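Below are the chains, spelled out letter by letter.
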There are 2 protein chains.
Amino acid sequence: SASSTVSSHTSQLHLAKTMSSLAVNGVTCRGKVLTLDSMNPNVRRVEYAVRGPIVQRAVQIEKELREGVKKPFTEVIKANIGDAHAMGQKPITFFRQVLALCSYPDLLEDNKFPEDAKKRARRILDACGGHSIGAYSASQGIECIRQDVARYIEKRDGGIPSNPDNIYLSTGASDAIVTMLKLLVCGEGRDRTGVMISIPQYPLYSAALADLGAVQINYYLDEDKCWGLDVTELRRALNAAKQHCKPRVLCIINPGNPTGQVQSRECIEDVIRFAKEENLFLMADEVYQDNVYAKGCKFHSFKKVLFEMGPEYSSSLEMASFHSTSKCYMGECGFRGGYMEVLNMDPEVKAQLTKLVSVRLCPPVSGQAMLDLVVNPPLPDEPSYTLFLSSQERTAVLAALAEKSHLTEEMFNTVPGITCNPVQGAMYTFPRITLPQKAIAKAQEEGQAPDMLYCMKLLEEEGICLVPGSGFGQKEGTFHFRMTILPPTEKLKVVLQKIRDFHLRFTQEFS
Amino acid sequence: SASSTVSSHTSQLHLAKTMSSLAVNGVTCRGKVLTLDSMNPNVRRVEYAVRGPIVQRAVQIEKELREGVKKPFTEVIKANIGDAHAMGQKPITFFRQVLALCSYPDLLEDNKFPEDAKKRARRILDACGGHSIGAYSASQGIECIRQDVARYIEKRDGGIPSNPDNIYLSTGASDAIVTMLKLLVCGEGRDRTGVMISIPQYPLYSAALADLGAVQINYYLDEDKCWGLDVTELRRALNAAKQHCKPRVLCIINPGNPTGQVQSRECIEDVIRFAKEENLFLMADEVYQDNVYAKGCKFHSFKKVLFEMGPEYSSSLEMASFHSTSKCYMGECGFRGGYMEVLNMDPEVKAQLTKLVSVRLCPPVSGQAMLDLVVNPPLPDEPSYTLFLSSQERTAVLAALAEKSHLTEEMFNTVPGITCNPVQGAMYTFPRITLPQKAIAKAQEEGQAPDMLYCMKLLEEEGICLVPGSGFGQKEGTFHFRMTILPPTEKLKVVLQKIRDFHLRFTQEFS
């Protein structure tokens, strides 16, 4: 019978496993405790394309180049990740002066440092245990820095109040996002928490949901409308999901990653109305809030719009918004600084959140110090203001990013088979690529995503490392890649030209 | 019938909940999305006493003192946590010079910095993307720092090889410990992973296990034998646990936290033999490896003992060991630096581990830089060596800790009702306190652990913040507290005297 076949199959498997765990080289052993089969199955399901197989191959190629292996290129350009300093962007002088002063306070006696930098450093050190950034801070973050964050938010949002008690400093934004998701996940089977995320998405979300065993609910951004978000699509996704899970959370990335769209005020209002109607917890990932380039586009924080919609919304919608030191004009990724602001959170849950973050003791204090400078940069009457705002620093970075966003869009749209929405904001372009049927068939034969085949070939032939669209999610049958616009303008032009040449060659090869 | 009573009760509850989610101040609402009832139940079960209710009360009292509220003391002494700098310990000059140079590389031109500090800073910066500690690093950590860690381990362990590919840098040791546990947890019901932890334990372990929904298996350290570990007790705990879960992991903290014992070589051999026989993954928390004070005690790394037991063990036992920048003589907690070394890990699982850590991008780069200095301090022929080793820095810190460990043990053992094992290593004493029956009864009436009542009263009356033994686990019917020995010697004497006075008063009050 079928069942005895299965059973006999199972015992053969069992026998094989037992055999494999007996004698190897004369030493008796039982096989590993920890194997692919016996590890946490949720972790196995985690995927994170931004540092996936293509990046591992890029690192390998870099090593081969160092060892003298001949390639059709002399360096690998890693356009897979939003890592500004790695692309040659210089840090903001004032920020690094303060960090040096905090690290080695003997420098406070040094006349070479401007007084405003010393003042900031002293204020941070005074808020540290034993006046040292080597002491643990409060788990929620240093109090005076949380106050500075609250004032920054108030200023950004035209005076809408922000309470430092609602601010949690974090180890980059990723840490706070994962913590928030962890709090929200519960239930089993059809009661399991469902979390709505955009497709395309930043894969931290899908990775965290897999790890937590939560249900991922996909809503699609509309590529034909500049990656716009439509509430009709949110509703479709939600209703479909209600059949098999309990949707409780809506995640929004604005400005978008990987898609670079900047949401209009109306769109944000619609989203808030939808979240309230459907009783969803809203998570607003706003780490690119200073990265807006397109004419007519403006960053609107979800919090500001929420409060402007009146107390019916602002006093009830539960929300968390996230920011980071890693993006914008400073690009200080390595410091792992970030914060979240929670709104309308049940006080008992807030106590649980505080307890949960205390287990890891505190976010890195140097990252907290960096965040303090980001939310509290030099003021017009301070000596460091001129350099900070000058054409070498903040203004220069944002102007160059704006220029590169336009350049990228224009260039890609001249290539037959590549179409590209405007990069309204953030740091990436996510162009759509038309792949020949033969290439798709070849990829499928090899069990590979067709845009992975494309990107891998681009890496091998041109030394350019991009992330295939399949790593972010995309509408069935469409293909994309994500590329950061961070390389210096002249290098970016070369990269765009190389991708153009490659795309034409690839299309021809598989036609 | 009973069942209809239950059902009616349930619907009344349901009605009450529905009512509460209707009209508040005229605004219709449905109640919160996220409440104690609807949040992640595993997170609710998490406890972390080191920063628990007693510390929250301590922070409140500090605020009251600032606001001028009269108390029987003028400052709160937080002896609840191993936070050296907060207790006035000064950072190592060389470490902070290098950190300042890495933060603000313009200082590389400054003649005030010693050449060896500059050399280290240049080496670290050369290994960073764009020569900036603001760039993301590889998720596993900067390669040259992993090499330095491997060389440090080799030197520590008398030449036993260490492979940089087995080193994972982390955000403090806590991060790596949680990551490792996460990898190891699987199965449901009786197949759920069981993890053996010592009682008393450092509550990161119980917190992580609650969060992951793993089964905590308690094995008891023997207070009468200087908090020694006996394999008979390990076996008892394991066999009992096999009835209801699948034990797969054995966690050891050596030197012990909170108990301060240093394991003998024989004990470590026994543990290794036990882990191998029982097919357990061994996690060795060795963050206090430089903190050994008692005569005749010596730190033996699990790895060294494993290799000295021969290939039968060293080629098969799966193991991870953990270290940190937060303890030892440097106490750089705020930088959140750490590493783990994994041994005999299945290569496929290692790939999964690398994937998992990539989701958070990288540990803080300044913490990685700090770790590099810890594993690669100034050498005898370098200009910074003299100060580093001098009576102001490394040597001074370790000598003072040794003195304070003896002082603490001696002092406590003069108090009737307090008995205290030697503080052989680490940074804490965990004395046993005899509590009067009336105090125990009063605590039980108030639904409080008796040693929590004791510590809370000590905080209110003397301004000294300790952690009750119940936060670490202890044998039923025994009571303890954990106190760090980090306060400066003169202050520590005052603290010990105050605890003595309090203990006598407390005993009298409840007799």
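Rules behind the numbers
Residues numbered from 1 in each chain as written. Chains lettered and ligands numbered in written order. Predicted model: local features only at pLDDT ≥ 70, side-chain atom pairs only at ≥ 80, totals over all residues. Heavy atoms only, no water. Helix = DSSP H or I, 4+ residues; strand = E, 2+ residues; numbered from the N terminus. Buried < 20%, exposed > 50% of the residue type's maximum accessible area, 1.4 Å probe, protein only. Contact = heavy atoms within 4.5 Å. Buried area = accessible area lost by both parts, 1.4 Å probe. Salt bridge = Lys/Arg side-chain N within 4 Å of Asp/Glu carboxyl O. Polar contact = N/O pair within 3.5 Å; in protein donor to acceptor, adjacent residues only side chain to side chain. Nonpolar A, V, L, I, M, F, W, Y, C, P; charged D, E, K, R; others polar. Pairing = 2+ DSSP bridges. Least-squares fit on C-alpha atoms with pLDDT ≥ 70 in both. UniProt positions renumbered as here; feature names shortened; annotations may be inferred. Core = buried A, V, L, I, M, F, W, Y, C linked by side-chain atoms within 4.5 Å. Axes fitted to C-alpha atoms, helices over the stretch in contact; angles between N-to-C directions. Parallel < 35°, antiparallel > 145°, perpendicular 65-115°, else oblique. Left-handed = near helix turned anticlockwise from the far one by under 90°.

Draft legend 1. Region of the structure containing the environment of Phe299 of chain B. Residue and element names in this part refer to chain B. Along the chain, the position of Phe299 falls in the loop between strand S8 (281-285) and helix H11 (302-308). Classification of Phe299 as buried rests on a relative accessible area of 14%. Each C-alpha atom of the pair Phe299 and Phe506 lies 38 Å from the other, and the pair is 207 residues apart in sequence. Dropping the residues within four chain positions of it, Phe299 is found in contact with Arg156, Asn254, Pro255, Glu286, Gln289 and Val292.

Draft legend 2. Just the interface of chain A and chain B, in detail. Taken together, the contact pairs 93 residues of chain A with 93 residues of chain B. Summed over both partners, the interface of chain A with chain B comes to about 7800 Å²; 56% of that surface belongs to carbon and sulfur atoms. Contact with chain B buries surface across chain A, with Val33, Leu34 and Tyr136 of chain A losing the most and accounting together for 10% of the total. Here chain A is connected to chain B by six salt bridges. The salt bridge partner of Asp175 of chain B is Arg360 of chain A, with a shortest N-O separation of 3.4 Å. Remark: the boundary between chain A and chain B carries 49 residue pairs in polar contact (both at pLDDT 80 or more). Among the secondary structure elements, those contributing two or more residues to the side of chain A that touches chain B are helix H2 (41-45), helix H4 (93-103), helix H7 (172-184), helix H8 (204-212), helix H10 (265-277), helix H13 (347-358) and helix H14 (365-375) of chain A. Split into classes, the residues belonging to the side of chain A that touches chain B amount to 43 nonpolar, 26 polar and 24 charged.

Draft legend 3. Highlighting the sheet that holds strand S16 (residues 481-484) of chain A. Residues and elements named next belong to chain A. As summarised here, the arrangement of the three strands in space is S12-S16-S15, forming an open sheet in which the pairing is antiparallel. Strands at the two margins of the open sheet, each flanked by one partner only, are strand S12 (428-429) and strand S15 (467-468). Alignment of S12 against S16, held across two bridges, turns out to be antiparallel. Note on S16: the bridge partner recorded for Tyr428 is Thr484.

Draft legend 4. Region of the structure containing the pairing of strand S4 (residues 167-171) of chain A. Residue and element names in this part refer to chain A. Counting buried positions along S4 gives five out of five residues, so the element sits mostly inside the fold. With five bridges connecting them, S4 and strand S10 (residues 337-343) associate as antiparallel partners. From the neighbouring strand, Leu169 faces S10, where its bridge partner is Tyr339.

Draft legend 5. Region of interest: H14 of chain A. For H14 of chain A, the buried fraction is high: 11 of the 11 residues fall into the buried class. Of all the positions in H14 of chain A, only Val365, Ser366, Gly367, Gln368, Ala369, Met370, Leu371, Asp372, Leu373, Val374 and Val375 of chain A are classed as buried. Packing partners of the buried residues in H14 of chain A comprise H4, helix H5 (115-126), helix H6 (143-156), S4 and S10 of chain A together with helix H14 (365-375) of chain B.

Draft legend 6. Quick look at the relation of the copies chain A and chain B. When chain A is brought onto chain B, the operation consists of a screw motion whose angular component is 180 degrees and whose axial shift is 0.0 Å, with 0.0 Å RMSD remaining. Seen this way, the second copy is the image of the first under a two-fold rotation axis. Rotation axis and chain A: the residue whose C-alpha lies nearest the axis is Ala100 of chain A, separated from it by 2.1 Å. A share of 100% of interface residues in chain A that are also interface residues in chain B marks the association as one of identical surfaces.

Draft legend 7. Inspection of the UniProt feature "domain: Aminotransferase class I/classII large" (unreviewed entry) in chain A at higher detail. Mapped onto the present numbering, the UniProt feature "domain: Aminotransferase class I/classII large" (unreviewed entry) falls on residues 99-499 of chain A. Taken end to end, residues 99-499 of chain A comprises 42% helix and 14% strand; its first and last C-alpha atoms sit 39 Å apart.

Draft legend 8. View of the nonpolar core. If you look at the biggest cluster of nonpolar residues, it comprises 353 residues, and the most contacted ones within it are Met180 and Leu250 of chain A together with Met180 and Leu250 of chain B. Residue contacts for Met180 of chain B: discarding those within four places in its chain leaves Leu34 of chain A together with Phe281, Met283, Ala320, Phe322, Met340, Val342 and Met345 of chain B.

Draft legend 9. Structural context of the packing of helix H7 (residues 172-184) of chain B against helix H13 (residues 347-358) of chain B. Residues and elements named next belong to chain B. Between H7 and H13, whose axes approach to 11 Å, the crossing angle comes to 130 degrees. One element, H7, and the other, H13, form an angle in the oblique class. Remark: the crossing between H7 and H13 carries right-handed chirality. For the pair H7 and H13, the contacting residues are Thr179, Lys182 and Leu183 in the first and Val349, Leu353, Leu356 and Val357 in the second.

Draft legend 10. Representation of the packing of H4 of chain A against H14 of chain A. Residue and element names in this part refer to chain A. Here H4 crosses H14 at 140 degrees, and the two axes come no closer than 10 Å. Handedness of the crossing formed by H4 with H14: right-handed. For the pair formed by H4 and H14, the contact residues are Phe94, Phe95, Arg96, Val98 and Leu99 on the first element and Ser366, Ala369, Met370, Leu373 and Val374 on the second. Class assignment of the residues belonging to the contact of H4 with H14 gives a composition of eight nonpolar, one polar and one charged.

Draft legend 11. Just the pattern of salt bridges, in detail. A complete count under the given rule lists 66 salt bridges over all chains for this structure. For the salt bridge of Lys491 of chain B with Glu75 of chain B, the shortest nitrogen-to-oxygen distance reads 3.1 Å. Of this pair, Lys491 of chain B sits in helix H19 (residues 489-509) while Glu75 of chain B sits in the loop between helix H3 (53-66) and strand S3 (77-78), placing them 416 residues apart in sequence. A salt bridge links Glu308 of chain B to Lys304 of chain B, with the nearest nitrogen and oxygen atoms 3.3 Å apart. Of the two residues, Glu308 of chain B and Lys304 of chain B both sit in helix H11, four residues apart, roughly one turn of that helix. Relative accessible area serves as the criterion here: at 22%, Lys304 of chain B is assigned to the partly exposed category. Beyond isolated ion pairs, a larger network of salt bridges with shared partners links Arg265, Glu269, Asp270, Arg273, Lys304 and Glu308 of chain A.

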